[in-house]
Amino acid sequence: MKVAEKYTDADLISAISSGKDLDRAIQFLYRQFSGAIRSFIMSYGGNEQDADDVFQETVIAFLDNVKKGKYRQESSVKTFLASVARHIWFNDLKKKERAGIREKKYESARDQHEMDISHQIGDVEQRRQLRELLTQLGEPCHKLLHLFYYENLPMKEIVEHLPYENEQVVRNKKYKCLQQLTGMIKANPALAGQLNELIKK
Amino acid sequence: MSLQRTNALIDHLDKDFAGADNRISPETAAATERLIAEDEEAARELAHLQLAVDAVQEAGLYQQVASVRQQWESQGLADERRIESTPEPQQQDHPPAEAPSGGVVRNLYRNTMRAAAIILVLIAGGAIFKYVRLSSSSLYSEYYSSYELNTSRGAASQDAIEQAFTAHNWTEVLALSADAKTSTNKTEFLAGMADLELKKFDDAIAHFEQVIASNTHSGQDYFEDEAEYYLAMSWLAKRKVNEAMPILEKIRANKEHLYHDKVEKMSFTDLRLVQYKENK
C-alpha cells in the first residue's frame, strides 16, 4: 500500500465526494486518525479488536455522511470522527451490557453535539444488519447490485463482469435482485422500526 | 403492487446512476413521479427499495474500507499508526481528550531519531566525501606555501641567486646554482625550492637531501629546518606519504623546529587516512 498523501479537511471532503481515489482517502484516515481513536477505545475498556472495529465503523459512517452530503463541516474531520467513534463505542458498550459504571460515568460527557451525531450517522447496529442481509442475498445478485449501485458502472461495463448475454438480461436480473433484497428487508423485524421511520419522513 | 409498477419505481430510483435505462421516455418518468406523489403504497414501496439500495451502498463501502484496513494491517502500518497519527484527542472537549497521549512522546522521539539519523548520514557522507578526495597531493596543495627568502639585509646586499629567487625567476635560480663554483646549503636549498616551484619534485628532493646530508656530515644545521620541511612537502607532492610522515612527525615533536607551528596545524588524521588509503 502506498503511503497516503496528506489532505486538508477540504481536500479530503472533496476526494470522498468525488469518489476518485477513495482508497487513498481511506488510507489517509487510517494513517492520520486511527491511532488516537484506537487509544481512546482501548482506554475505555475496548480491546484491540474492538478498537479496530469501531474505527472501521467510524470511517464508514464518515464516508457515508460525506458521500450523501450530510457532513456539514461544522466541526473538523478530527472532531467529527472522534464524536462518531465515541458514539459508536458507547452504544456498543450498552449493547454488550458490559458498560456498567464506566458507561454511566461517561454518559454525562454526551452533549447535544453527540445527539446530532447520532441523528447524522443513524443506528450503527441497523447498518450492520443491512450489510448482513447482503451476505444472505447470494453472490450473483450481490455482485450485480454492487456494480450498479456502488461502483456506479454503466450497463455496458456491468455486462462484461457478469455471465449474462446482454444488457437487457442484466437489467431484468437487477429488477429481480433488488426486489428480492427489498423483500428480505421487509421480512426482517429488526429493521421494521427503521423502515417505518423512513416512510414517515 | 404489480411487478410492472415496482419496476417503474426501480427505474425512478436508478435515474441518477450510470447504468440507468436511458430508453425510458419523459412521459413514463412523469407518470411514475405522479404515482409516487399520489399513491401511498407506491411511496412506501419506493422507501423500501431505497433502503435496499442504501444497504447495497453500505455493504460496498464496508468492503472498500475493510480492504484498505486489511492492507494497512498486513503491511505493518498498523504498528506505526500510533506514532504517525495526529494526537487528535487533545483537541476534543470529551473523552478522546483524556485518551493516552503517548503518540506525542513517540512523535517527539521519532523526530529526534530522524534528526539524529540525518546528522549521522551527513557526517558519514562528509567523511566518505573527504576520504574519496583525500590524497598526498591534495594535502600538498592544502599545506604548501612558497618559501620567502629573508631580505632583512636589503636587496642591495643580495647575491645573484637571491635576487633571482626573490624575482621568482626559477630557471635563473637553477642556472646560477648549477654554475656556482662552490655549492652551499643555501644554493642547494634555493635550487630545491626552484625545482619545487617548477614541480620537478625528484630534483627538489635531491637538493633538500643534499642539504641534510651536508649538515649531517659537517655537524651544522644551516638551512636544515627549511630543507626538512620542504623535503616532506616534496614527498607529499610525489604521493609518497610514507616518506613524508617520519619527517613531519619529527618536526612536530621538536618545538624548537622552525616549522613546528606550521606542522602542528596540519591534520595528522588526514595524513594517516592518506597513508592508509595509499598503502592499500
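Residues numbered from 1 in each chain as written. Chains lettered and ligands numbered in written order. Predicted model: local features only at pLDDT ≥ 70, side-chain atom pairs only at ≥ 80, totals over all residues. Heavy atoms only, no water.

**Student:** Please set out the overall build of chain A residue by residue, giving values where relevant.
**Tutor:** Within chain A, the secondary structure is distributed over 11 helices and 0 strands. Reading chain A from its N terminus to its C terminus gives the helix and strand order α-α-α-α-α-α-α-α-α-α-α. Per-residue burial over chain A gives 51% buried out of 201 residues. Put simply, 63% of the contacts in chain A that link residues at least 6 apart link residues at least 24 apart. (Helix = DSSP H or I, 4+ residues; strand = E, 2+ residues; numbered from the N terminus. Buried < 20%, exposed > 50% of the residue type's maximum accessible area, 1.4 Å probe, protein only. Contact = heavy atoms within 4.5 Å.)

**Student:** Could you give me a rundown of the pattern of salt bridges, with the residues and numbers involved?
**Tutor:** Residue and element names in this part refer to chain A. All told, the structure shown has 21 salt bridges over all chains when counted by the stated rule. Arg-128 is the partner of Glu-57 in a salt bridge, and the nearest nitrogen-oxygen pair spans 3.2 Å. Taken together, the positions of Glu-57 in helix α3 (residues 48–67) and Arg-128 in helix α7 (residues 124–137) put the pair 71 residues apart, joining distant regions of the chain. Looking at Glu-57, the relative accessible area reads 6%, which means it is buried. (Salt bridge = Lys/Arg side-chain N within 4 Å of Asp/Glu carboxyl O.)

**Student:** Which residues make up the packing of aromatic side chains, and what values go with them?
**Tutor:** One pass over the full model with this rule turns up 25 aromatic pairs over all chains. Lying across the ring of Phe-148 of chain A, Lys-174 of chain A places its NZ or CZ 4.2 Å from the centre. Taking NZ or CZ as reference, Arg-252 of chain B lies 3.8 Å from the ring centre of Phe-268 of chain B, over its face. (Phe/Tyr/Trp six-rings, centres within 6.5 Å; stacked < 30°, edge-to-face > 60°. Lys NZ or Arg CZ within 6 Å of the ring centre and 35° of its normal.)

**Student:** Before we move on, can you summarise empty space enclosed by the protein with the specific residues and values?
**Tutor:** This model, assessed by the stated rule, comprises 2 cavities of 30 Å³ or more. For the second largest cavity, the full set of lining residues is Phe-148, Arg-171, Lys-174 and Tyr-175 of chain A together with Asp-11, Asp-14, Gly-19, Ala-20 and Asp-21 of chain B. (1 Å grid on protein atoms, 1.4 Å probe; cavity = no way out; pocket = protein on both sides within 12 Å on 5 of 7 lines; lining within 4 Å. Points joined across faces, edges and corners; volume = space filled by probe spheres on them.)

**Student:** Tell me what's going on with the nonpolar core, and back it up with residues and numbers.
**Tutor:** Residue and element names in this part refer to chain B. Among the nonpolar cores identified, the biggest contains 47 residues, and Tyr-147, Phe-189 and Tyr-230 are the most heavily contacted of them. Secondary-structure elements contributing two or more residues to this core are α7 (136–143), α8 (160–166), α9 (170–179), α10 (185–197), α11 (201–218), α12 (224–237), α13 (241–253) and α15 (268–279). Looking at this core element by element, the count peaks at 9 residues for α12. Other than its neighbours up to four places away in sequence, Tyr-147 contacts Phe-165, Phe-189, Leu-190, Met-193, Phe-223, Glu-226, Tyr-230 and Tyr-259. (Core = buried A, V, L, I, M, F, W, Y, C linked by side-chain atoms within 4.5 Å.)

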